[in-house]
Amino acid sequence: MEKIILRHGVYEAHILPYGATLQSLFVPDRSGTVRDVVLGYESLTDYQRHDGYLGATVGRHANRIAGASFALDGVTYPLTANEGANQLHSGPNGLHQKVWSWEQTAENCVTLRTESPDGEDGFPGTLEVAVTYTLSGGALTIDYEAKSDRDTICNLTNHAYFNLGGQGSGSVAGHTLRVNADSYTPCGPGTIPTGEVLCVDGTVMDLRLGAVLGERLGAAELAEYGGYDHNFCLSGADAARLYCPASGICMDTQTTLPGLQIYTAGFLTQRQGKVGAVYGKNHAVCLETQFWPDAVHHEHFPSPILRAGEVYRHRMVYQFSVQ
């Protein structure tokens with residue numbers, strides 16, 4: 001399986017052209033030992049046959065679209081449904097399934113490119129996409145650019161599964177998570193937003209001061225999701241801080257977009273990952289920065305519409321430190 005390796009100091013990232021996927025990310029813990037902090041697979045076959053989007057670039061529209069259709073300028077576009085009657089992460093032919101071309105411009109930087117043709121899984125416009133991974137200053141920065149020859153929608157993110165104790169170290173119940181969000185978008189059936197934007201005060205969604213995940217994952221309000229699988233409405237570019245007391249590794253997430261989908265892998269079924277590791281429920285946390293889910297059906301949500309000739313840009317940063 002073709003692999004691109006980025007290095008900067010003791011940090012190292014492994015990127016796969018398949019899905020522009022973050023396969024591994026090695027960072028130092030408080031003792032200086034380097035740990036791989038993202039879940040992934042050893043073989044291309046495992047990426048192709050398993051669900052979960054481990055480490056993949058997802059789009060052209062990340063997250064869910066209710067009823068697998070949307071209207072733009074009076075035209076309704078039926079989409080390919082792949083989660084019941086809804087669409088998740090752009091359907092079966094999303095960017096996570098493509099083999100991207102790439103150019104490594106430096107030891108610590110690579111740009112990958114692909115194209116989604118007009119009409120693919122129902123989306124209008126030929127969408128040209130570029131994703132640049134840069135490893136520098138203890139941070140992994142991911143820059144997205146996209147443009148279309150027709151008016152369309154665009155919402156790109158990375159679906160890395162983080163375990164700051166190291167991939168294969170089991171549950172993230174001991175991790176603490178702080179989120180810079182005063183509100184969130186509650187969900188109805190199918191994890192589709194209801195359209196409400198609710199204050200987090202007095203709920204399990206209030207993570208502004210930080211919380212130990214193990215004290216929240218079993219809450220009755222989260223039972224049907226197996227933990228968190230919710231969009232948080234960010235109050236600023238500094239989105240979240242994830243910390244593992246066992247390793248001392250701390251990860252701050254920054255973004256240029258208004259939403260953060262937090263997924264604590266409540267539906268990750270048992271499977272074998274890298275170097276013999278066994279993954280399962282709540283073994284990782286995904287911090288997916290993006291537009292709010294199903295925004296195409298809620299005019300008061302920030303809009304993912306990309307007009308022909310415009311350039312979509314999105315930057316997300318995972319900054320590491322030790323405590």
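Residues numbered from 1 in each chain as written. Predicted model: local features only at pLDDT ≥ 70, side-chain atom pairs only at ≥ 80, totals over all residues. Heavy atoms only, no water.

A.B. asks: How do you make sense of the sheet that holds strand β4 (residues 34-36) when you look at a structure like this?
C.D. replies: By way of backbone hydrogen bonds, the strands of a sheet pair with one another, either parallel or antiparallel. Read from one edge of the open sheet, 4 strands run β1-β2-β3-β4, paired in antiparallel fashion. Of all the strands in the sheet, the pair left with one neighbour each is β1 (4-8) and β4. Going across the sheet, the axis of each strand differs from the next one's by a mean of 15 degrees, ignoring polarity. One ladder, built from 5 bridges, connects β1 with strand β2 (residues 11-16); its direction is antiparallel. Residue pairing in the sheet places Ile4 in a bridge with Ile15 of β2. (Pairing = 2+ DSSP bridges. Helix = DSSP H or I, 4+ residues; strand = E, 2+ residues; numbered from the N terminus. Axes fitted to C-alpha atoms, helices over the stretch in contact; angles between N-to-C directions.)

A.B. asks: Help me out: how do you make sense of the pairing of strand β13 (residues 139-148) in this one?
C.D. replies: On any regular strand, side chains alternate: one points to one face of the sheet, the next to the other face. Most of β13 is tucked away, with 7 of its 10 residues classed as buried. Sheet analysis places strand β12 (residues 127-136) next to β13, joined by 10 bridges and oriented antiparallel. What sits directly across from Val131, in β13, is Tyr144. Between β12 and β13, which pair antiparallel in sequence order, lie 2 residues; one of them, Gly137, sits at a positive phi of approximately 60 degrees. (Buried < 20%, exposed > 50% of the residue type's maximum accessible area, 1.4 Å probe, protein only.)

A.B. asks: What is the right way to read the nonpolar core from this model?
C.D. replies: In a soluble, globular protein the nonpolar side chains are often hidden away together inside. With 63 residues, the main nonpolar core has Leu25, Tyr133, Phe162, Val179, Tyr228, Ile262 and Phe320 as its most contacted residues. Top element by residues in this core is β12. It accounts for 5 residues. Setting aside chain neighbours within four positions, we find Phe320 in contact with Tyr11, Leu25, Val27, Val37, Gly138, Phe162, Leu164, Ile249, Cys250 and Met251. Leu39, Tyr161, Ala265 and Ala284 belong to the second-largest nonpolar core, a separate cluster that totals 14 residues. (Core = buried A, V, L, I, M, F, W, Y, C linked by side-chain atoms within 4.5 Å. Contact = heavy atoms within 4.5 Å.)

A.B. asks: So what exactly am I meant to see when it comes to the packing of aromatic side chains here?
C.D. replies: Two numbers describe a pair of aromatic rings. These are the distance of the centres and the angle of the planes. Overall, the coordinates contain 7 aromatic pairs when judged by the stated rule. Clustering of aromatic rings is evident, with ring pairs tying together Phe70, Tyr77 and Phe123. (Phe/Tyr/Trp six-rings, centres within 6.5 Å; stacked < 30°, edge-to-face > 60°.)

A.B. asks: Explain the environment of Ala277 here, please?
C.D. replies: With respect to the helices and strands, the residue Ala277 is situated in the loop between β24 (271-272) and β25 (278-279). For Ala277, a relative accessible area of 10% corresponds to the buried category. Excluding residues within four positions of it along the chain, Ala277 makes contact with Gln167, Gly168, Arg271 and Gln272.

A.B. asks: I would appreciate a short explanation of the pattern of salt bridges in the present structure.
C.D. replies: Should the charged atoms of two oppositely charged side chains come close, the side chains can pair. Under the criterion given, the structure shown has 17 salt bridges. The residue Glu83 makes a salt bridge to Arg64 at a minimum N-O spacing of 2.7 Å. Of the two residues, Glu83 sits in the loop between β8 (75-78) and β9 (87-88) while Arg64 sits in strand β6 (residues 64-65), which places them 19 residues apart along the sequence. Accessibility expressed as a relative area gives 27% for Glu83, which makes it partly exposed. Here Arg64 falls in the buried class, since its relative accessible area comes to 8%. (Salt bridge = Lys/Arg side-chain N within 4 Å of Asp/Glu carboxyl O.)

A.B. asks: Got a minute to help me understand the sheet that holds strand β20 (residues 229-234) in this structure?
C.D. replies: Judged by pairing direction, the sheet is antiparallel, and its 5 strands sit side by side in the order β18-β17-β20-β23-β26 without closing on themselves. Only two strands of the sheet have a single neighbouring strand rather than two, namely β18 (198-199) and β26 (286-290). One ladder, built from 5 bridges, connects strand β23 (residues 259-263) with β26; its direction is antiparallel. If you follow Leu260 over to β26, its bridge partner there is Thr289.

A.B. asks: Please explain the environment of Phe70 as it appears in this structure.
C.D. replies: By the secondary structure assignment, Phe70 is in strand β7 (residues 69-72). Residue classification places Phe70 among the buried residues on the basis of a relative accessible area of 1%. A sequence separation of 52 residues divides Phe70 from Gly122, and the C-alpha atoms of the two residues are 9.8 Å apart. When neighbours within four sequence positions are excluded, Phe70 is seen to be in contact with Val75, Thr76, Tyr77, Leu79, Phe123, Pro124, Ile153, Val296 and His297.

A.B. asks: What's the story with the environment of Thr132 in this structure? I'm lost.
C.D. replies: Here Thr132 is to be found in strand β12. It is 25 Å that separates the C-alpha atoms of Thr132 and Asn231, two residues lying 99 residues apart in sequence. With near-sequence residues (within four places) excluded, Thr132 lies in contact with Cys109, Val110, Thr111, Thr141, Ile142 and Asp143. Side chain to side chain, Thr132 and Thr111 meet in a polar contact 2.8 Å long. (Polar contact = N/O pair within 3.5 Å; in protein donor to acceptor, adjacent residues only side chain to side chain.)

All quantities given are derived from atomic positions and should not be read as evidence of function.
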